[in-house]
Amino acid sequence: MTESAPLQIDASPVPYQLVSLVRQALPPLVAFAVGRGWLADDSATLLLALVAIALPIIQGQRHSLQRSRALARLAAIVPNAVAVVR
């Protein structure tokens, strides 16, 4: 037996929904701030744009790595007729 369950399912989708909300709300908020003159400096706007691009990429890669590890642990437990770890 393993120490923990091979697949861990989140009981609530709220964390993923919050990340999605931030990712979707950030561009209009930045556009509003630029329009109001709060972000007149181009470097600040560039920095926020890079964060808006990098955040979903990092979050997606982290989620993909966690899911791959969970599937590998599951495949190691089940018979070879079901799944094989390469």
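Below is a short write-up of the structure. Note that this is a predicted model, so its numbers are computed, not measured.

**So, a nonpolar patch on the surface**
A cluster of nonpolar side chains, V22, L47, V51 and L55, forms an exposed patch at the surface whose accessible area comes to about 340 Å². Broken down by element, the nonpolar patch gets its largest block of residues, three residues, from helix α2 (residues 42-77). Relative to the assigned elements, V22 resides in helix α1 (residues 14-36). The exposure class of V22 is partly exposed, given its relative accessible area of 44%.

**Some remarks on α1**
If you check α1, its first and last C-alpha atoms are 32 Å apart, about what 23 residues at 1.5 Å a residue would give, namely 33 Å. The axis of α1 is deflected most strongly, by about 35°, at L26, and proline P27 appears within four residues downstream. Every buried residue of α1 is listed here: S20, V30 and A33. Residue G37 follows α1 closely and has a positive phi angle near 90°.

What counts, and at which threshold
Residues numbered from 1 in each chain as written. Predicted model: local features only at pLDDT ≥ 70, side-chain atom pairs only at ≥ 80, totals over all residues. Heavy atoms only, no water. Patch = residues over 30% accessible without salt bridge, like charges linked within 9 Å, V, L, I, M, F, W, Y side chains within 5 Å. Areas by Shrake-Rupley, 256 points an atom, 1.4 Å probe, with all protein chains shown as cover. Salt bridge = Lys/Arg side-chain N within 4 Å of Asp/Glu carboxyl O. Helix = DSSP H or I, 4+ residues; strand = E, 2+ residues; numbered from the N terminus. Buried < 20%, exposed > 50% of the residue type's maximum accessible area, 1.4 Å probe, protein only. Expected span 1.5 Å × (residues − 1). Bend = angle between axes of the 7 residues up to and from the residue.

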